[in-house]
Structures are given as C-alpha cells and as structure tokens.
Amino acid sequence: MNRVKAIATSLRFLNSSLATRVLATRNQVTHFSSYTPLPLLGRFHNLRFPCTHQKLYFSTKPNSIVELVLTNDWSQGLEHELENCRSSLTHETVLYVLKRLDKNPEKAYSFFSWVSEKEWFRASSSVYSLILRVLANKETMKQFWITLRMMNEKGFYLDEETYLTISIGFKKAKMNSDAVALNHFYNRMLEENAMQSVVTKVVGIISGSEWDDGVKNELKKLKLQLSDNFVIRVLKELRNQPLKAYNFFHWVGKQSGYEHNTVTYNAIARVLARTDSIEEFWSIIEEMKSVGHDLDIDTYIKISRQLQKHWMMEDAVKLYELMMDGSYKPSVQDCNMLLKSISLSNKPNLDLVFRVVEKYKSTGYTLSKAIYDGIHRSLTSVGKFDEAENIVKDMRNAGYEPDNITYSQVVFGLCKMRRFEEACKVLEEMESCGCIPDIKTWTILIQGHCDANEVDNALLCFTKMIEKGCDADADLLGVLVDGFLSQNRIDGAYKLLVEISNKCRISPWQATYKKLIERLLEVRKFDEALDLLRLMKTRNFPPYHEPFVLYISKFGTVEDAADFLKALSVKSYPSYTIYRQVFESLFREGRHSEAKDLLYKCPHHIRKHSKICELFGSAESQKASA
C-alpha cells in the first residue's frame, strides 16, 4: 500500500495542476442490455446457433486423414488404413495433413517418413520445407537433421525463407549450436549447388530488360534442363518482380517436355499475391482450377497473411471463401486471424466480416468465443455499439460470458469515437460485474486518451489504475511516454519514465529508451539522456551510442565526451570502434583540439591503439596540407 501511495504522489508531482483535478462525472455508458436493433443487425441475427460445445470435424477426406493419424498410435494397422486412402493422398493432401500435425511433430514425422517412401507419392521442396519447420524444435532435432540430410541427398533445395524462419526460431529458443550448424549447411549448399549459377543467370536475363522476344531467345540459348525445383527457385528469385515471374511461368509451361503441376502452380501463386499483380494472381487461381490443381494449405496461409499485411482484405476474404468451399479448409485459428485483421482496419468493412462468418457457419461449426470476439471487435471499432450488444447477448446464450477482451473492445471503440466518459464508465461496470480490468484494458483506455491528445487525463487514469492495485508494464509506460512526446513535453516524459521504472520496478522497452534519448538530445538535455543511457546499461541493453556521438561532435564539450565514454564503461571499457567514431565525428566538425584533449583522457590501451594512432596521424596530415 505504501508503494502505491508513493507512486500516486510522484505522478501528481509531475504536473501539479493535475493534483486538484478529478475525473468528470459520467452519466452515459454503453451497457450490455436490451436495445432497439439497427437495420444491419438483421444480418447478424442469422449467426445464432444451438449452444453445443462438442468438437465438430470436417467431413472431407483430408481432415478425416488428419483425425486418423491424431487419434491412433503409429502402427502397422494405421499404415494399412492410410494405404487404403492412397488415392486421396495427393500432394495437396499431404501438405494439409502435415500442416494440421504441426503441434504434434512426432506424428508429423512418422506420417512424412511413411508417405515419402511410397512409390506413388512424389515429394517436393514444399513438402520438405514444411516438415522441416514442424520439426525445428528441441524435442525433434534428431528427426530434423535426418530430414534435412535426406532433402539434400534427393536434390531438393532449402530456400532462403525457410532457412531464415528456422534460424530465427533456433536463436529465440537459445539453440545456438543448431543455428550455427544450419548456417554452415545452408552456405555449403549454396556453394556446392551447381543449379544456383544457372538460376542466377536466368534471373539476370529476365531482370535486365522488359519481357520480349529477345529475353525468350536468350533463355532458349541456355538450353535449360527444366525441373520443378529449378522453376520454383527462379520464381522465388523473381518475387519482387511478380509480372516477370508470371511471364516466365507461362513461357516455361510452353517448353517441350515440361508441364506445370501443383507444386509450380502454388509457387507462382505465392509470388503473385501482391497489389501490383493481383489480377494475374486470380487468373492463376482460375487456371489451376481448370487443370485440376488446388492451392495447398501452406500456400494459402502464407498468401492470406501477405494479403492481410498489405490490407488487401477483399482479396483475403475472397480467398478464404474459395478455400472453405474446397477440400483443404482453413482452421478455426485462420478464421480468427482474418476477422482480427479486418477489425484492425481504419474503418472495418462489416460486409467482409459477415461473409467470413457466414462461410465459417456453412461448415457446420458453432461460433467459438474467439469468433464472437472477432465480430464484436469490428462492430465496436465502427461505433455500432447496439449491434455489438446483440453479439454479446448471443454469446451469453451460447454459454460464453463477457471477459476482459469483450469489455476492452467496447473501451477501444468508445475511445476511438472520443466518448471517454463512457469508456471510463465501462471499467466501473466491469468491477461491479466481478470482471476486474486487467493491464490490457487499462492500457487501451490510456492509449485512447493519448491518441486524442488528452495526456493529462491519461495520466489521471494511470494514477487511478495504480491506486486500484493494477501493476504497470513496459507497454503502458511506452504509451504514456509517447503521449508526452507527442505534446513535446520531453521533460515530463523523462521524469515519468524515471519515476515509474523505479517505483513500479518495471524495465522500459529498449525502443522507449532510444526514442526518449533522441528527443532529449534534440533539446540539448545531455545529462538526462546520459542518465537514460546508464539505465539502459543496468538493464543489459546494448549501448545506444549513435545519437550521443553526433551530439558531442556538434555541441558537446570534452567533459561531455569523457562522461559519455565513462557511462559505457560499467563493467569494461567500450570497444575502440566507439572511441574512433567519437574522434572521427569531432574531426569532421573541424574540432581537432577537442579531439586531442579527449585522447589524453582516454585509457592507455586506446591512446596506443594502432587504428587510433593512424586516425590522428591522418588527421594531422590533412590539417597540415589544408
């Protein structure tokens, strides 16, 4: 309790004018209660389902195979059952099964090992890339390296995207030895792979000029040995020139002795799912359907995420509908992600939300809490609070009670509409219902105030949060610091960060430190910026020296430079490169005498370092010749 009081007192001290102010009385609030529905609501009435909680499965063959593998131990009997399904185990189906087994890598590996040995199944780099991503964890590293070696022996190529994804995963999991081994494998593969030089030559010809008969003739002269692996690699190299990739794809398809298949069709689809080639993308999708090929589930997930990332929501929904009508249906999580992406648009398109939910409904699923949240999020984001209340009512009828996520979405929508009194009242209603606002709910409320340039009220909300015993975190501190900086209240941001990080015992994000250091140096608050640099060092963040070097070269004294270098020397002296950067910046500004004075203050090993001596010798020569 004493800590809470101390924090509240410190916050009030930051702006004494706030100490005597109180939050205004709020008389209006959005309740989860009865109301008169608006016209749009009729579309959402149809989304109600009986309250059933049993898990339903797709009745399509691919999903039946997934359930067969998941619900049985691996045995000869299971292999016999799978053998009976061989006519359904197409390339797309195998990818679908592996993707759905990604949370169960042991079974995924057993299925992959079994199917890859069958004469009737033709593996591809896509299949190997997927199984490697599934196996890239501590529990299945033995299987990972066996599969990678098998992939290499069979002439398949580890593409850059898969390599980087796995490598980053290893580093995050602190699997450093595996990360180093993978790096060696990848680099050796590039060196030893004779195909790479041909791929590079082909890409150079295509990239060098517009697609025309001249390019086609140059390609013909190469007398290419066309294979799926080769075509895929060229397409990936041309991913930033999608229209040229499209032309190459069709040119290859017309060459004697070569015919596109599901693997190459999926490869070109991944390349074309961009704003500047979306027409070509849909034309490839139609062409695939006409020749009996399907978009595999791994390709769908990657394309869908790419479309969502670039806010191509209409295309993302159209693709979702297409996949849901086929055999390789996206998962519930894929639906959740799509709904969330739509809701994050500046002005969510409710028609797209309706289309996604209707298509989801058509598979026979009941709405989960996450799906209700997805609908609710879009409605509150566009200010359709009455319709949002109806969704909550349906959600309750289905057995799901509103929680912090539900209430937070209402708070976000109200803040977006600048209805702050009602937003604050929602938190009071939450408490009265026994749903205590968590840090995320408070952060949304405070962020809403900051976005509206009401930073003082945001600070009051923060004080109230602390008094209620909810601990702050780095995200919320970053929001408040950004709010102060948006009003150019740099001193206030600095005092806030120091007070909160000390008294709440939280470590600000590295990005928060960096941003504030830059703004402090802009207004020549060197000492305060240096204090933050010292704090960063105590939190074991890497030194952020760049803005200090620039500041010192233009405005700093020799003492400032010495203090800066000392601040970097908590456990050991900084590397000679930082000293060199400081000296070089001083020389560039013509401050030779200051550079010399600073050199005399440096440790002996820096003064005698060959690179430093060389730098000063060069500077003296230039000065003498000037």
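Residues numbered from 1 in each chain as written. Predicted model: local features only at pLDDT ≥ 70, side-chain atom pairs only at ≥ 80, totals over all residues. Heavy atoms only, no water.

Undergrad: Provide a residue-level description of the overall build of the protein chain, including the pertinent values.
TA: When its secondary structure is counted, the protein chain shows 36 helices and 0 strands. Considering only contacts within the protein chain whose residues lie at least 6 apart along the sequence, 70% involve residues at least 24 apart. On the protein chain, roughly 30300 Å² of surface is accessible, and the fraction owed to carbon and sulfur atoms is 49%. (Helix = DSSP H or I, 4+ residues; strand = E, 2+ residues; numbered from the N terminus. Contact = heavy atoms within 4.5 Å. Areas by Shrake-Rupley, 256 points an atom, 1.4 Å probe, with all protein chains shown as cover.)

Undergrad: An account of helix α19 (residues 332-343) is requested, with residue identities and associated values reported.
TA: Across its 12 residues, α19 extends 17 Å between first and last C-alpha, which sits within 8% of the 16 Å expected from 1.5 Å per residue. Turning to α19, its buried residues number three or more, namely V332, D334, C335, L338, L339, S341, I342 and S343. Tucked inside the fold, the buried residues of α19 contact α5 (91-100), α17 (297-309), α18 (313-324), α20 (350-361) and α21 (369-381). (Expected span 1.5 Å × (residues − 1). Buried < 20%, exposed > 50% of the residue type's maximum accessible area, 1.4 Å probe, protein only.)

Undergrad: I'd like to hear about the packing of aromatic side chains, residue by residue, with values.
TA: One pair of aromatic rings is described through two measures. These are the centre distance and the angle between the planes. For the structure shown, the criterion picks out 20 aromatic pairs. Between F526 and F548 the ring centres are 6.1 Å apart and the planes differ by 80°, which places this aromatic pair in the edge-to-face class. With F526 in helix α30 (residues 526-538) and F548 in helix α31 (residues 546-554), the pair connects residues that are 22 residues apart, well separated along the chain. A relative accessible area of 4% means that F526 is categorised as buried. Note on F587 and F616: the rings are 5.1 Å apart at their centroids and 75° apart in plane angle, and the pair reads as edge-to-face. Residue F587 is found in helix α33 (residues 576-588), and its partner F616 is found in helix α36 (residues 610-625); the two are separated by 29 residues along the sequence. There is no split in this pair, since F587 and F616 are both buried. An aromatic cluster is built from F526, F548, Y551, F555 and F564, whose rings are joined through pairwise contacts. Residue placement shows K318 over the ring face of W282; its charged tip is 4.2 Å from the ring centre. Taking the ring centre of F555 as reference, the NZ or CZ of R524 above it sits at 3.9 Å. (Phe/Tyr/Trp six-rings, centres within 6.5 Å; stacked < 30°, edge-to-face > 60°. Lys NZ or Arg CZ within 6 Å of the ring centre and 35° of its normal.)

Undergrad: So what's going on with the packing of helix α25 (residues 439-451) against helix α26 (residues 455-467)? Which residues, and what values?
TA: Orientation of α25 relative to α26, taken along the N-to-C sense of each, is 165°, at an axis distance of 7 Å. Accordingly, the angle class assigned to the pair α25 and α26 is roughly antiparallel. The interaxial crossing formed by α25 with α26 has right-handed handedness. Across the interface between the two elements, I439, W442, L445, I446, H449 and C450 of α25 pack against V455, N457, A458, C461, F462, K464 and M465 of α26. (Axes fitted to C-alpha atoms, helices over the stretch in contact; angles between N-to-C directions. Parallel < 35°, antiparallel > 145°, perpendicular 65-115°, else oblique. Left-handed = near helix turned anticlockwise from the far one by under 90°.)

Undergrad: Residues and numbers for unusual backbone geometry, please.
TA: Residues other than glycine seldom take positive phi values, yet K223 does so here, at roughly 50°. Turning to its location among the elements, K223 is positioned in the loop between α12 (213-221) and α13 (228-237). Given a relative accessible area of 69%, K223 falls into the exposed group. The phi torsion at N453 lies on the positive side, around 70°, for a residue other than glycine. When you line up the elements, N453 lands in the loop between α25 and α26.

Undergrad: How would you explain the packing of helix α11 (residues 195-208) against α12 if you had to name every residue and give the values?
TA: Taken N-terminus to C-terminus, the directions of α11 and α12 make an angle of 165°; their axes are 9 Å apart at the nearest point. Considered as vectors, α11 and α12 are oriented roughly antiparallel to each other. Like other packed secondary-structure pairs, α11 and α12 cross with a definite hand, here right-handed. Residues V202, I205 and I206 of α11 form the contact with α12, whose own contacting residues are V215, E218 and L219. Counted by class, the contact of α11 with α12 contains 5 nonpolar, no polar and 1 charged residues. (Nonpolar A, V, L, I, M, F, W, Y, C, P; charged D, E, K, R; others polar.)

Undergrad: How would you explain a negative patch on the surface if you had to name every residue and give the values?
TA: On the surface, D527, E559, D563 and D597 cluster together into a negatively charged patch. Following the sequence through the fold, E559 ends up in helix α32 (residues 558-567). (Patch = residues over 30% accessible without salt bridge, like charges linked within 9 Å, V, L, I, M, F, W, Y side chains within 5 Å. Salt bridge = Lys/Arg side-chain N within 4 Å of Asp/Glu carboxyl O. Lys, Arg positive; Asp, Glu negative; His and termini not counted. Charge placed at Lys NZ, Arg CZ, Asp CG, Glu CD.)

Undergrad: Go over the confidence of the model for the protein chain, please, and point to the residues and values.
TA: Confidence in the prediction for the protein chain averages 86 pLDDT; 89% of positions are at 70 or higher. Averaged pLDDT values over the elements of the protein chain bottom out at 48 in helix α2 (residues 41-45) and peak at 96 in α18. Under a pLDDT of 50 for its full length, residues 1-5 has, in the predicted model, 6 contacts with residues more than four places off or in other chains. For the stretch residues 15-42, pLDDT sits under 50, and the model shows 56 contacts to residues farther than four places along the chain or on other chains. (pLDDT = per-residue confidence, 0-100.)

Undergrad: Account for the side chain of T162, with residues named and values stated.
TA: Assignment of secondary structure puts T162 in helix α9 (residues 160-172). In this structure T162 comes out as buried when scored by relative accessible area, which is 2%. Engagement of the side chain of T162 in a polar contact is seen with the side chain of S129, the distance being 3.5 Å. Within the structure, the side chain of T162 is placed 2.9 Å from the side chain of D159, a separation counted as a polar contact. Excluding its chain neighbours within four sequence positions, the residues that come into contact with T162 are S129 and R133. (Polar contact = N/O pair within 3.5 Å; in protein donor to acceptor, adjacent residues only side chain to side chain.)

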